Amino acid sequence: MYRLIRPVLFRFSAERVHHWTMQALRCVPYIPFAKCILRKLFSINDPSLSREVFGLKFKNPIGLAAGFDKNGEVVNELACFGFGFIEIGSVTPFPQPGNPRPRVFRLPKDRALINRMGINNAGAKQVMKNLRTRKHKIIVGGNISKNSATPNTAAAADYERALINLYDSVDYFALNISCPNVKELGCLQEVESLRIILEAVTDQRKYHDKYKPVLLKLSPDLNAAQLEDVLALVFEYALDGLIVANTTTKREDLRSPDEEVQNIGSGGLSGAPLFQNTVDLVRYISTITKKQLPIIGVGGVFSEEDALQLLDAGASLVQVYTGFIYNGPGFVKRILKKLVNKNTVGSIKNT
Ligand SMILES: Cc1cc2nc3c(=O)[nH]c(=O)nc-3n(C[C@H](O)[C@H](O)[C@H](O)COP(=O)(O)O)c2cc1C
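The structure contained in this document is the topic of the report that follows. Source: prediction; values computed, not measured. Residue indices follow the written sequence of each chain, beginning from 1 at its first position. Restriction of local features to residues with pLDDT of at least 70 applies here, the model being predicted, together with a cutoff of 80 or more for giving and counting side-chain atom pairs; totals for whole chains, interfaces and linings are based on all residues. The side-chain quantities take in all heavy atoms of the structure and omit both hydrogens and water.

**Quick notes on the pairing of strand 7 (residues 139–144)**
The buried fraction of strand 7 amounts to six of the six residues, a majority that puts the element mostly inside the structure. For two strands to count as paired, DSSP must find a minimum of two bridges between them. By definition, any uninterrupted DSSP run of H or I lasting at least four residues is a helix, any uninterrupted run of E lasting at least two residues is a strand, and each is numbered from the N terminus. In this sheet, strand 7 lies alongside strand 4 (residues 85–91) in parallel orientation, the contact comprising six bridges. Across the sheet, residue Ile86 finds its bridge partner in strand 7, namely Val140. Note on handedness: a clockwise path from strand one over the helix to strand two, with the strands aimed away from the viewer, defines a right-handed crossover. With helix 6 (residues 155–166) bridging strand 7 and the parallel strand 8 (residues 172–176), this β-α-β connection has right-handed handedness. For every residue, the accessible area (1.4 Å probe, protein chains only) is compared with the maximum for its type, and the residue is labelled buried under 20%, exposed over 50%, or partly exposed between those bounds.

**Thoughts on the sheet that holds strand 10 (residues 241–244)**
The sheet built from eight strands closes into a barrel, its strands ordered 3-4-7-8-9-10-12-13 with parallel pairing. Within this sheet the neighbouring strands show an average axis-to-axis angle of 25°, counted without direction. Most of the contacts of helix 8 (residues 224–236) go to strand 9 (residues 214–218), to which it runs at about 175°, and overall it touches strand 9 and strand 10. Lines fitted to C-alpha atoms define the axes here, with helix axes fitted over just the stretch in contact, and angles between the N-to-C directions of these axes take values from 0 to 180 degrees. In this description, contact between two residues means that some pair of their heavy atoms is separated by no more than 4.5 Å.

**Considering the site of the ligand**
As a matter of local geometry, the ligand sits amid 22 residues, with Ala66, Ser90, Gly271, Gly300 and Thr322 nearest to it. Between the ligand and the protein, one listed contact pairs a nitrogen atom with a side-chain N or O atom of Ser90 at 2.7 Å. For this analysis, a polar contact is any N or O atom pair within 3.5 Å, provided that within protein one partner can donate a hydrogen and the other can accept it, and provided that sequence-adjacent residues contribute only side-chain to side-chain pairs. Measuring from an oxygen atom of the ligand, one finds a backbone N or O atom of Tyr321 at 3.1 Å. Surface exposure here means Shrake-Rupley accessible area, sampled with a 1.4 Å probe, where a residue is shielded only by the protein chains that are shown. For the ligand, the accessible surface in isolation is 610 Å², of which the surrounding protein chains cover 97%. Note on terminology: near, applied to a residue and a molecule or strand, indicates that one of the residue's heavy atoms is within 4 Å of it.

**Things to note about the pattern of salt bridges**
Salt bridge, as applied in this entry: a Lys or Arg side-chain nitrogen positioned within 4 Å of an Asp or Glu carboxyl oxygen. Inspection of the entire model under this criterion finds eleven salt bridges. One salt bridge connects Arg161 with Asp158, and the closest N-O pair in it is separated by 3.7 Å. With Arg161 and Asp158 both in helix 6 and three residues apart, this pair spans about one turn of that helix. The partly exposed category is assigned to Arg161, whose relative accessible area is 37%. Accessibility expressed as a relative area gives 3% for Asp158, which makes it buried. Its salt-bridge partner being Arg205, residue Asp240 comes within 3.0 Å of it at the nearest N-O pair.

**Regarding the layout of surface pockets**
Cavity: a set of points on a 1 Å grid over the protein atoms alone where a 1.4 Å probe fits but cannot get out. Pocket: an open set with protein on both sides within 12 Å along at least five of seven lines, its lining residues, like those of a cavity, having an atom within 4 Å of a point. Grid points are joined across faces, edges and corners, and a volume is the space filled by probe spheres set on the points. Of the voids in this model, the second largest pocket is the one considered here, and its volume is about 400 Å³. If you trace the second largest pocket, you find 16 residues lining it, with Glu252, Asp253, Ala272, Pro273 and Leu274 closest to the centre. Polar here means any residue outside two lists: the nonpolar Ala, Val, Leu, Ile, Met, Phe, Trp, Tyr, Cys and Pro, and the charged Asp, Glu, Lys and Arg; Gly therefore counts as polar. In terms of residue class, the lining of the second largest pocket is built from five nonpolar, three polar and eight charged.

In structure tokens form, the structure reads like this:
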């Protein structure tokens, strides 16, 4: 069905279609039985799919990656599409508009997107209010970042402020230090900058009664030396896991014509071209950390086989974004059907 609708949707700009989708999801609570019907059509509940990772119980290992529901507005509705968890954000302490439009582009020949949204969001206080309507027991992650106007030297205070505002509203935190669309955000992956952020965030967490896991979301573009430095800090500050990985600034081995790609300009590439690198990176990190660090694998998952491959490579959980856009609302259920009764263990810590 979605295969028939997709060519029509793809005639409009990606951001416009996303806007319509969000509007439609906002209407769901007002339509009698809509949630019930969506759940029947698009989700599976099977005890063999559940797993416990970094102390949280997930009903299944397939989540929605950050960037789709930036403001935590439709978590209850998205939960009907089979996801085991939903990561909202990135959320910054104060609202910001992001970059000028157009800022999301499709590369259909590559089953990919390029976006330079620039972390547009309503700010942590508004997101906290939005999440008050959260009804489902589904796990919600809060992906947090700094405001674009905040210099890197003051970034730690932004992460701390966003964490404080969202602390009681989400189940885990993801620190986005790797978005390629915010000037110099990637520099926060350098040891000294990252140390200050991790110090501030883990220290702030001590003031709260309930322990909330904190994960770090990495760039897929780190070299081996940078990755080694980051992992050393992750262990030093006893972070609860990694999200591997964000969008890439690379444009390698694309099928789309060079001219088309160049005309789009800067931004983070997501979708199918990322997949092999995601698997390799997850396997590498899982091996060098001796499976002691839970990993959420994300980047280019387009099929049930892809999800299985990531879990086999060492991911404890998997997230999708671009694959969901290209495959439609039945995508998660298709993956879950394949996972039922498959013993995919992933990392062993906290499981
Ligand atoms: C339009 C768009 C917006 C995104 N916004 C964010 C964001 O705000 N924060 C973040 O950490 N990742 C963001 N991402 C990255 C995704 O969470 C994910 O890491 C990446 O797209 C790779 O997964 P995929 O190939 O399944 O899309 C965004 C991705 C897209 C396509």
